[in-house]
Amino acid sequence: MQPSSTGASVATSDALAQPTLHPDSPRADGHRLPDAPLLADDRHRPGQRSFRRANLALFAAGIATFVLLYSTQGLLPVLSEDLGLTPGQASWTASAATLGLALGLLPASALSDRYGRTAVMTASTLAAAALALALPFAPDLTTLVVLRALQGAALAGLPATAMAYLAEEVHPSALASAMGLYVAGNSIGGMGGRLLSGWVAAGFGWRWGLAASAALALLAVLAFRLLIPAARHFTPAPVDARALARTVGHHLRNPLLLRLYALGLLFMAVFGAVYNTIGYRLIAAPFHLPESVAASIFVVYLVGTATSAAAGRLAGRLGRRGALYVAIGTTALGLLLSLADSLAFALLGLVLITAGFFAGHATASSAVGRTATEGRAQASALYLIAYYLGNSLGGTIGADAFHSTGWPGAATVGLAAMALAAGVTLYATRQAHAGARTGTLRAAR
């Protein structure tokens, strides 16, 4: 990981020529040496207690963040029934949170460069949990949406900071496994937030559903705070707004990065449109599933864990654009299958949509880090901004289309997004072929 353009640096040496004592090493008299210089390679490694604590802390933080971020998505039908809302109106409780998170990512990343990773992550998760405790008492939709937007903005501190903390504090040999566990916490939190709130809401109402999510998230936040080791390799840097703006502008003028951002937005638009409306479809004709069973559909989210891992191997065989074509085709096929009035086809379609989404997201997001030669933290933040904006846009537009024309409307929104994604990928393919031909002609001369 390269240093952030806002000033944060990452220690990259594996060893010093002359070893020195770790501050936790005991002296002959049994006392510790708190002021001893740190080794450059004293970052957390497998087998160390500090490594386990860092992994578990970020795992808990990921659970807390995504339990809260998606806590209302599993209870949208209950919200509609209790408050007399259309699917589009109810979907704003989900879209507002992802929109707030998108807008908060760059400021949060800059603040973490100034005040520290653990400080920003702690403040972020505690503020979001505190807002979660207020959600069950929201008197109306407007208040609920405003609180959700504020909660999303508060949550931005974790995804904007967590991977930087791991890159700085975990030894490179263990970084992949540490990030994998953090992403697993995100997945489990995203699924758990939807399931828990949906199940509780089906039996006791949406307010209790939100209260249950808040309680789970608060426990996870407390676990994070108790477990997280203090940062030892963070160097504070002043927030340089001009440097940040230059880096962001540089990325936004990069055609390849813009295409990757567009793909992230379009894939997430499908995901938002489908998952904001699937509950409504399953409790209505012709399926008439109980609300508790419909809420359980989010177990399909686990498909994404396996698909994300497989996406890397797929890209290795077919290339990045080949993997994107497979992801687009899989998602589109799932949308088409889901149109059938058969529960088996609807569920198979949802599995394919989820698999295609995660494959596309994993392929596009990993390409961002390889494409950006500097300011990678900001390049990744811009991708996440587009990604969560896609969730907000797709979720709201898809819910409105569902309200107007039923499931075919939501599926059409998804198919339109995939058609645009195919167009972006096809354009990239043609550009690559044109560049290759130009290079061949120059070599021939």
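Scroll up for the structure.
Criteria and thresholds
Counting restarts for each chain, with residues numbered from 1 along the sequence as it is written. It should be noted that, the model being predicted, local features are given only for residues of pLDDT at least 70 and side-chain atom pairs only at 80 or more, the latter also being counted only at that level, while totals for whole chains, interfaces and linings use all residues. Remark: hydrogens and water are excluded; side-chain values derive from all non-hydrogen atoms of the structure. Note on ring pairs: Phe, Tyr and Trp rings are taken, using the six-membered ring of Trp, and paired if centres are within 6.5 Å. Classes follow the plane angle, with under 30 degrees stacked, over 60 edge-to-face and the rest tilted. By definition, any uninterrupted DSSP run of H or I lasting at least four residues is a helix, any uninterrupted run of E lasting at least two residues is a strand, and each is numbered from the N terminus. In this scheme, a residue with accessible area under 20% of its type's maximum is buried, one over 50% is exposed, and one in between is partly exposed, where area comes from a 1.4 Å probe on protein chains only. Here the nonpolar core consists of buried residues drawn from Ala, Val, Leu, Ile, Met, Phe, Trp, Tyr and Cys, with membership extended through side-chain atoms lying within 4.5 Å. Contact criterion: two residues are considered in contact whenever any of their non-hydrogen atoms come within 4.5 Å of each other. Think of each axis as a best-fit line through the C-alpha atoms, taken over the contacting stretch in the case of a helix, with angles from 0 to 180 degrees between the N-to-C directions. The cut-offs work like this: below 35 degrees is roughly parallel, past 145 is roughly antiparallel, 65 to 115 is roughly perpendicular, and the gaps in between are oblique. Three residue categories are used. Nonpolar comprises Ala, Val, Leu, Ile, Met, Phe, Trp, Tyr, Cys and Pro, charged comprises Asp, Glu, Lys and Arg, and polar comprises the others, including Gly. N or O atoms closer than or at 3.5 Å make up a polar contact, with two conditions inside protein: a donor-capable atom paired with an acceptor-capable one, and, for residues adjacent in sequence, both atoms drawn from side chains. For this analysis, a salt bridge means a side-chain nitrogen from Lys or Arg found within 4 Å of a carboxyl oxygen belonging to Asp or Glu. Crossing handedness: left-handed means the near helix sits turned counterclockwise from the far one by under a right angle, and right-handed means the same turn made clockwise.

1. Considerations on the packing of aromatic side chains
The relation between two aromatic rings is expressed through the spacing of the ring centres and the mutual angle of the planes. All told, the structure shown has 12 aromatic pairs when counted by the stated rule. Where Tyr301 meets Phe358, the ring centres are 5.4 Å apart and the plane angle is 85 degrees; that geometry is what we call edge-to-face. Remark: Phe358 occurs in helix H13 (residues 343-371) and Tyr301 occurs in the loop between helix H11 (291-295) and helix H12 (303-337); sequence separation between them is 57 residues. In this structure, Tyr301 and Phe358 share a single accessibility class: buried. Three or more aromatic residues link up through ring pairs in this structure, and these residues are Phe271, Tyr275, Phe298, Tyr301, Phe357, Phe358, Tyr383, Tyr387 and Tyr388.

2. Topic: the nonpolar core
Ranked by size, the top nonpolar core spans 95 residues in total, and within it Leu69, Tyr261, Val274, Tyr275 and Tyr388 carry the most contacts. Take this core: its biggest share by element is 14 residues, from helix H10 (residues 255-283). In contact with Tyr275, other than residues within four places in its own chain, are Gln73, Phe298, Val300, Tyr301, Leu350 and Thr354. With 17 residues, the next largest nonpolar core counts Ala54, Leu166, Ala174 and Tyr182 among its residues.

3. A look at the packing of helix H3 (residues 87-115) against helix H4 (residues 117-134)
Here H3 crosses H4 at 130 degrees, and the two axes come no closer than 7 Å. It follows that H3 is oblique to H4 by the angle criterion. Where H3 abuts H4, its residues Ala108, Leu111, Ser112, Asp113 and Tyr115 lie against Arg117, Ala119 and Val120. Among the residues making up the contact of H3 with H4, the classes are represented as five nonpolar, one polar and two charged.

4. Quick word on the side chain of Thr72
With respect to the element layout, Thr72 can be found in the loop between helix H1 (49-69) and helix H2 (76-83). Judged by its relative accessible area of 0%, Thr72 falls in the buried class. A polar atom in the side chain of Thr72 sits 3.5 Å from the backbone nitrogen of Ala94. With residues near it in sequence (within four places) discarded, Thr72 still touches Thr93, Ala94, Arg148 and Leu210.

5. Focus: the side chain of His171
Within the secondary structure, His171 sits in the loop between helix H6 (162-169) and helix H7 (172-204). On the accessibility criterion, His171 (9% relative accessible area) is buried. A polar side-chain atom of His171 sits 3.2 Å from a polar atom in the side chain of Arg45.

6. Focus on the pattern of salt bridges
Here the structure, examined in full by the defined rule, presents three salt bridges. A salt bridge links Arg117 to Glu168; the shortest N-O distance between them is 2.6 Å. One end of the pair, Arg117, is in helix H4; the other, Glu168, is in helix H6, with 51 residues separating them in the sequence. Both residues of the pair, Arg117 and Glu168, count as buried.

7. Notes on the packing of H13 against helix H14 (residues 376-405)
At a minimum axis separation of 9 Å, H13 and H14 run at an interaxial angle of 155 degrees. Viewed along their axes, H13 and H14 adopt a mutual orientation that is roughly antiparallel. Two packed elements cross with a definite hand, and for H13 against H14 that hand is right-handed. Facing H13, whose interface residues are Phe357, His361, Ala364, Ser365, Val368 and Gly369, H14 presents Arg376, Ala379, Ser380, Tyr383 and Tyr387. Counted by class, the contact of H13 with H14 contains six nonpolar, four polar and one charged residues.

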